[in-house]
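Okay, here's what each chain looks like letter by letter:
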Amino acid sequence: MTSALAPLGRLPGKWDLSVRAFRCWLVAYRRTWRSSIWSSVFGPLFYLGAMGYGLGSLVDKHGTATLGGVPYVVFVAPAVLAVQSMNTAMTNAAFPVFGAMHWNKIYLAARATMLSPADIFRGHLLFIAMRIALNCAFFVAIMAAFGLIRSALAVALLPAAVLLGVAFAAPVAAWSVTLANINPMNYLFRFGSVPLMLFSGTFFPIGSLPGWLRPVAYATPLWHGVALCRALSLGTADPGSAALHVGYLVAMTGIGLWWGSRTYYRRLYV
Amino acid sequence: MRMLGCVSPPTQGNLTILGGDPVRDGAAIRARLGVVPQEDTLDNELTVRENLLVYGRYFGLNRSLIAERTDQLLDFVQLTERANDQVDPLSGGMKRRLTIARSLINDPEILILDEPTTGLDPQARHVVWDRLFRLKQRGVTLILTTHYMDEAEQLCDRLVVMDHAKIVAEGTPRELIARYSTPEVLELRFAPGEQEAAFEKIKALSSERTELTADRILLYAADGDELLARVRTAGLEPVAEFVRRSTLEDVFLQLTGRTLVD
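Cut-offs used in this document
- Just so you know, the residues in each chain are numbered from 1, in the order the chain's sequence is written.
- Whichever chain is written first is A, and whichever ligand is written first is 1; the rest continue in order.
- With pLDDT at 70 or above as the cut-off, local features in this predicted model cover only qualifying residues; side-chain atom pairs require 80 or more to be listed or tallied, and sums for whole chains, interfaces and linings still use all residues.
- We count a stretch as a helix when DSSP gives it H or I for four or more residues in a row; a strand needs E for two or more, and each element gets its number in order from the N terminus.
- As a reference, a globule follows 2.2 Å times the number of residues to the power 0.38, and the radius of gyration itself is taken over C-alpha atoms.
- Buried means a residue has 20 or more other C-beta atoms within 10 Å of its own C-beta, exposed means 12 or fewer, and partly exposed covers the counts in between; C-beta atoms are placed from the backbone.
- Any two residues are considered in contact once their C-beta atoms, placed from the backbone, lie within 7 Å.
- Each axis is a line fitted through C-alpha atoms, and for a helix only the stretch in contact is used; angles between axes span 0 to 180 degrees, taken between their N-to-C directions.
- Any angle from 65 to 115 degrees is called roughly perpendicular, while one under 35 is roughly parallel, one over 145 is roughly antiparallel, and all others are oblique.
- The handedness criterion is simple: a crossing whose near helix is rotated anticlockwise from the far helix by less than a right angle is left-handed, and one whose near helix is rotated clockwise is right-handed.
- Residues are grouped as follows: Ala, Val, Leu, Ile, Met, Phe, Trp, Tyr, Cys and Pro are nonpolar; Asp, Glu, Lys and Arg are charged; every other residue, Gly included, is polar.
- When DSSP finds two or more bridges between two strands, those strands count as paired.
- Clockwise travel from the first strand over the helix to the second, with the strands pointing away from the viewer, marks a crossover as right-handed.
- By convention here, the domain bounds are inherited from an automatic or database domain assignment.

**Some details on the overall build of chain B**
Phase 1: Helix and strand content of chain B: ten helices and nine strands.
Phase 2: In terms of C-alpha radius of gyration, chain B reaches 23 Å, well past the compact-globule figure of 18 Å for 262 residues.
Phase 3: Principal axes of the C-alpha set define a box for chain B whose edges measure 75 × 45 × 30 Å.
Phase 4: By the burial criterion, 32% of the 262 residues in chain B qualify as buried.
Phase 5: Considering only intrachain contacts with a sequence separation of at least 6, the fraction spanning at least 24 residues in chain B is 66%.

Right under this line is the structure:
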């Protein structure tokens with residue numbers, strides 16, 4: 001061992017390493033983006049058509065004072081955007097994360113390189129954020145084209161929707177990576193995203209819920225996202241409540257990031 | 001092996017790799033390692049070339065360098081024709097070679113291989129051995145685990161026999177055979193039922209190690225033919241006899257025993 005050993009190189013920054021992990025997902029996405037468009041873009045459009053215009057035509061006949069005096073479709077569109085963001089986040093942070101551990105082993109391949117478990121986590125999260133942003137951008141454009149946006153504040157609609165999605169994606173990914181089989185994921189969707197979608201002030205105002213259930217609805221992350229998106233789209237946002245919604249979602253993202261860097265480390269450094 | 005690959009914390013003792021501490025400098029060490037894990041971690045949905053692209057990116061290599069090395073490496077592992085095919089339908093041997101090619105994308109100084117030819121057919125094994133031997137000639141340090149003693153004999157300059165997480169012997173293959181076995185082994189088979197009785201008589205003929213297995217008698221000897229002549233002189237007539245050189249397998253079995261270790 002007398003021969004001189006080259007000193008170990010300096011590592012690039014965390015951001016650089018996370019972007020490397022992110023780009024790996026892009027290579028795979030190049031092959032699958034066409035098929036993913038159908039489910040992720042047209043699904044929410046069907047919702048908007050059926051709920052907003054179909055059901056909306058009945059709702060509007062009975063007066064829309066409780067909706068803030070706007071047609072039902074205008075009321076529901078930002079909520080569909082929020083739900084779309086949540087669903088994109090959850091599906092992308094559930095099965096692909098599990099798959100990267102057990103099926104295509106993307107994480108196991110990556111950990112043998114200079115990426116750390118936290119880089120792998122953040123890189124995947126960046127990719128999920130990109131998917132959320134693309135889906136939401138398309139939907140916001142549709143909203144604008146159909147005249148469903150009532151305020152210039154809506155320029156903040158896309159960032160708000162992406163924040164909502166990332167707030168869901170980070171903890172869901174943190175949890176998915178710990179699973180040994182996929183069965184618990186069904187619970188996540190059955191008892192997580194479905195009730196959230198139905199009862200978070202999305203399709204009807206929370207005021208229509210029974211009194212005892214309202215505090216629960218106000219505590220859910222999706223309600224904060226829906227309320228934020230709706231306030232931006234209708235132009236009813238006030239700085240105080242907007243700050244509360246954003247603060248809630250930022251805190252949830254932060255907790256998810258912290259938790260994920262722990263769970264990924266435990267799963268990939270054993 | 002995972003500890004050497006810096007993806008698992010050392011459980012006990014000291015470990016230094018490339019002059020660094022694997023816990024503190026894990027990522028910087030991994031930057032200069034190549035790893036061929038026991039179970040392939042290729043992305044089956046991507047093409048051969050894309051697998052190398054993804055991996056090269058992890059190490060921060062630019063696209064043109066990755067493309068250049070990909071061509072060389074695929075040529076090296078004889079996969080050039082499959083460069084643009086999906087990984088999924090490739091044979092086990094091809095996937096192994098691709099994993100080796102991928103592990104070399106960052107031009108590593110140390111290549112860690114965990115049972116690189118387990119599950120491969122003889123042709124595929126020989127191709128892998130051949131490529132690994134060439135890497136060794138180029139100055140890449142290979143660290144490999146194997147249960148195949150012929151593999152160890154082919155590839156290893158320095159061999160460590162492990163049993164229950166303890167090093168039980170260390171040296172070159174030749175040294176180990178000289179130290180722990182005799183130059184030759186005489187294998188005898190007797191008719192069913194006669195084996196035990198024959199073994200009792202034969203034991204007296206040899207001062208070296210003797211072993212009775214379910215189907216044959218192993219006699220370790222400096223000169224197998226000479227011992228066989230003595231067995232015959234003693235009036236014993238085996239139904240089959242076979243004199244062979246001692247191998248690493250004999251050393252391994254002598255050191256670790258014949259009991260199954262799961």
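Structure's up, so let's keep going.
**Examining the packing of helix α2 (residues 72–102) of chain A against helix α5 (residues 157–176) of chain A**
Residues and elements named next belong to chain A.
Phase 1: Between α2 and α5, the shortest axis-to-axis distance is 8 Å and the interhelical angle comes to 25°. The angle between α2 and α5 places the two elements in the roughly parallel class. Between α2 and α5 lies a crossing of right-handed hand. In this structure, α2 contributes L81, A82, S85, M86, T88, A89, M90, N92, A93, A94, V97 and F98 to the contact, and α5 contributes A161, V162, L164, G165, V166, F168, A169, V172, A173 and S176.
Phase 2: Taken together, the residues of the contact of α2 with α5 break down into 17 nonpolar, five polar and no charged.

**Details of the interface of chain A and chain B**
Phase 1: Of the residues lining the interface, 25 residues belong to chain A; the matching set on chain B comes to 28 residues.
Phase 2: Elements represented by at least two residues in the side of chain A that touches chain B include exactly α1 (14–61) and α3 (106–111) of chain A.
Phase 3: A per-class count over the side of chain A that touches chain B returns 17 nonpolar, four polar and four charged.

**Let's talk about the pairing of strand β3 (residues 141–145) of chain B**
All names here are of chain B.
Phase 1: Where strand β2 (residues 110–114) lies against β3, five bridges are found, and the strand directions are parallel. Residue pairing in the sheet places I110 in a bridge with T141 of β3.
Phase 2: Viewed along the sheet, the connection from β2 through helix α5 (residues 122–137) into β3 turns out right-handed.

**Focus on the domain arrangement of chain B**
Phase 1: Domains assigned within chain B are domain 1 (31–156) and domain 2 (182–245).
Phase 2: Each of domain 1 of chain B and domain 2 of chain B was reduced to a C-alpha centroid, and the two centroids are 44 Å apart.

**Things to note about the sheet that holds β2 of chain B**
All names here are of chain B.
Phase 1: Spatially, β1-β2-β3 is the arrangement adopted by the three strands of the open sheet, whose pairing is parallel. The two strands at the open ends of the sheet, each matched to only one other strand, are β1 (33–36) and β3. Each neighbouring strand pair of the sheet contributes to a mean axis angle of 15°, computed without reference to strand direction.
Phase 2: Across four bridges, β1 lies against β2 in parallel orientation. Bridge pairing links V36 to L113 in β2.

**Notes on the environment of L186 of chain B**
Residue and element names in this part refer to chain B.
Phase 1: Inspection of the secondary structure puts L186 in strand β6 (residues 184–189).
Phase 2: Note on L186: 26 C-beta atoms within 10 Å, which makes it buried.
Phase 3: Each C-alpha atom, one on L186 and one on S246, is 9.3 Å from the other, the two residues being 60 residues apart in sequence.
Phase 4: In this structure L186 touches L219, A221, G224, L227, L228, E241 and V243, once residues within four positions along its chain are discounted.

**Remarks on the sheet that holds strand β8 (residues 217–221) of chain B**
All names here are of chain B.
Phase 1: Strand order across the open sheet formed by four strands is β7-β8-β6-β9, with antiparallel pairing between neighbours. Since the sheet does not close on itself, it has two edges, and those belong to β7 (210–212) and β9 (240–245), each with one partner. Direction aside, the axes of adjacent strands within the sheet are offset by 15° on average.
Phase 2: Direction of pairing for β6 relative to β8: antiparallel, over a ladder of five bridges. When the sheet's bridge partners are listed, L188 is paired in β8 with I217.

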